[in-house]
Amino acid sequence: MFTVRFVQNTDKVARMMQHLKEPRGGYEAIGEAMVERVSSTFDQSAGPWGGAWRQWSPTTVDLYDRGGLFKNMRSRPERILLNTGTLRNSVHHEAHRDRVTIKAGGAASAYASVHQFGNPGNRLPNRAGGAHAPIPARPFMPVTSTGKARLPAEWRKLAVEAFEDWLEAGAP
């Protein structure tokens, strides 16, 4: 058995303990850091675990070269999943007293899971009987194909640092 007792900085420790009674701000800090990290997957065209996203299929390239699915595109986007930025910009966090949730929402919620997990049965122009055009998974969130969150070590470290920074800021 052993005992731990703070003999220095006891006022600071007391302020930290008080700060922990309402940890939502810490989850807010973690959420901001995670949204920033998710956004970086779009910049890198790579998943949270480092694997590069698959390039467009020849069918997709041809479709873009003909003006896109709805014939309203002037040119092919420079990077995958960054045509309009709708999906990337929809990623946000919701901080609670005991957790933080990171999700894609709004106009992008309908196709976020298609890009995260893929759609091997996709058909163009997005209806039955169209040309077979599977969409590969291009994960942008640290969620596995089974729907489980799995933070890479670097993301976990960032989450801990964000919480520690919040804790320190509340107990100067």
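One can find the structure itself at the top, above this paragraph.
Summary of the structure given here. Everything numeric in this text was worked out from a predicted model, so none of it was measured.

Rules used throughout
Residues numbered from 1 in each chain as written. Predicted model: local features only at pLDDT ≥ 70, side-chain atom pairs only at ≥ 80, totals over all residues. Heavy atoms only, no water. Pairing = 2+ DSSP bridges. Helix = DSSP H or I, 4+ residues; strand = E, 2+ residues; numbered from the N terminus. Buried < 20%, exposed > 50% of the residue type's maximum accessible area, 1.4 Å probe, protein only. Axes fitted to C-alpha atoms, helices over the stretch in contact; angles between N-to-C directions. Left-handed = near helix turned anticlockwise from the far one by under 90°. Contact = heavy atoms within 4.5 Å. Nonpolar A, V, L, I, M, F, W, Y, C, P; charged D, E, K, R; others polar. Expected span 1.5 Å × (residues − 1).

1. A few points about the pairing of strand S1 (residues 91-95)
Here comes step 1: Direction of pairing for S1 relative to strand S2 (residues 100-104): antiparallel, over a ladder of five bridges. Bridging from a neighbouring strand, glutamate 94 pairs with threonine 101 of S2.
Here comes step 2: Between S1 and S2, which pair antiparallel and follow one another directly, the connecting turn spans four residues.

2. Observations concerning the environment of serine 113
Here comes step 1: Topologically, serine 113 is positioned in helix H5 (residues 109-117).
Here comes step 2: Judged by its relative accessible area of 40%, serine 113 is partly exposed.
Here comes step 3: Between the C-alpha atoms of serine 113 and proline 139, which are 26 residues apart in sequence, the distance is 8.9 Å.

3. Comments concerning the packing of helix H1 (residues 10-19) against helix H6 (residues 153-169)
Two numbers describe a pair of packed helices, the interaxial angle and the distance between the axes.
Here comes step 1: Remark: H1 packs on H6, axes separated minimally by 9 Å, with the N-to-C direction vectors making an angle of 120°. H6 is crossed by H1, and the crossing has right-handed handedness. Facing Lys12, Met16 and His19 of H1, the residues of H6 in contact are Trp166, Leu167 and Glu168.
Here comes step 2: Classifying every residue of the contact of H1 with H6 gives three nonpolar, one polar and two charged.

4. So, the packing of helix H2 (residues 24-44) against H6
Here comes step 1: Direction vectors running N to C along H2 and H6 enclose 145°, while the axes themselves pass 8 Å from each other. The two elements H2 and H6 cross, and the hand of that crossing is right-handed. Residues Gly25, Gly26, Tyr27, Ala29, Ile30, Ala33, Met34, Arg37, Val38 and Thr41 of H2 touch H6, and the partners they reach there are Glu154, Trp155, Leu158, Ala159, Ala162, Phe163 and Trp166.
Here comes step 2: When grouped by side-chain class, the residues that make up the contact of H2 with H6 number twelve nonpolar, three polar and two charged.

5. Structural notes on H6
Here comes step 1: Along its 17 residues, H6 runs 24 Å from first to last C-alpha, staying within 8% of the 24 Å computed at 1.5 Å per residue.
Here comes step 2: Among the structural elements, H1 and H2 are those in contact with the buried residues of H6.

Geometric descriptors of this kind do not, in isolation, establish any biological role.
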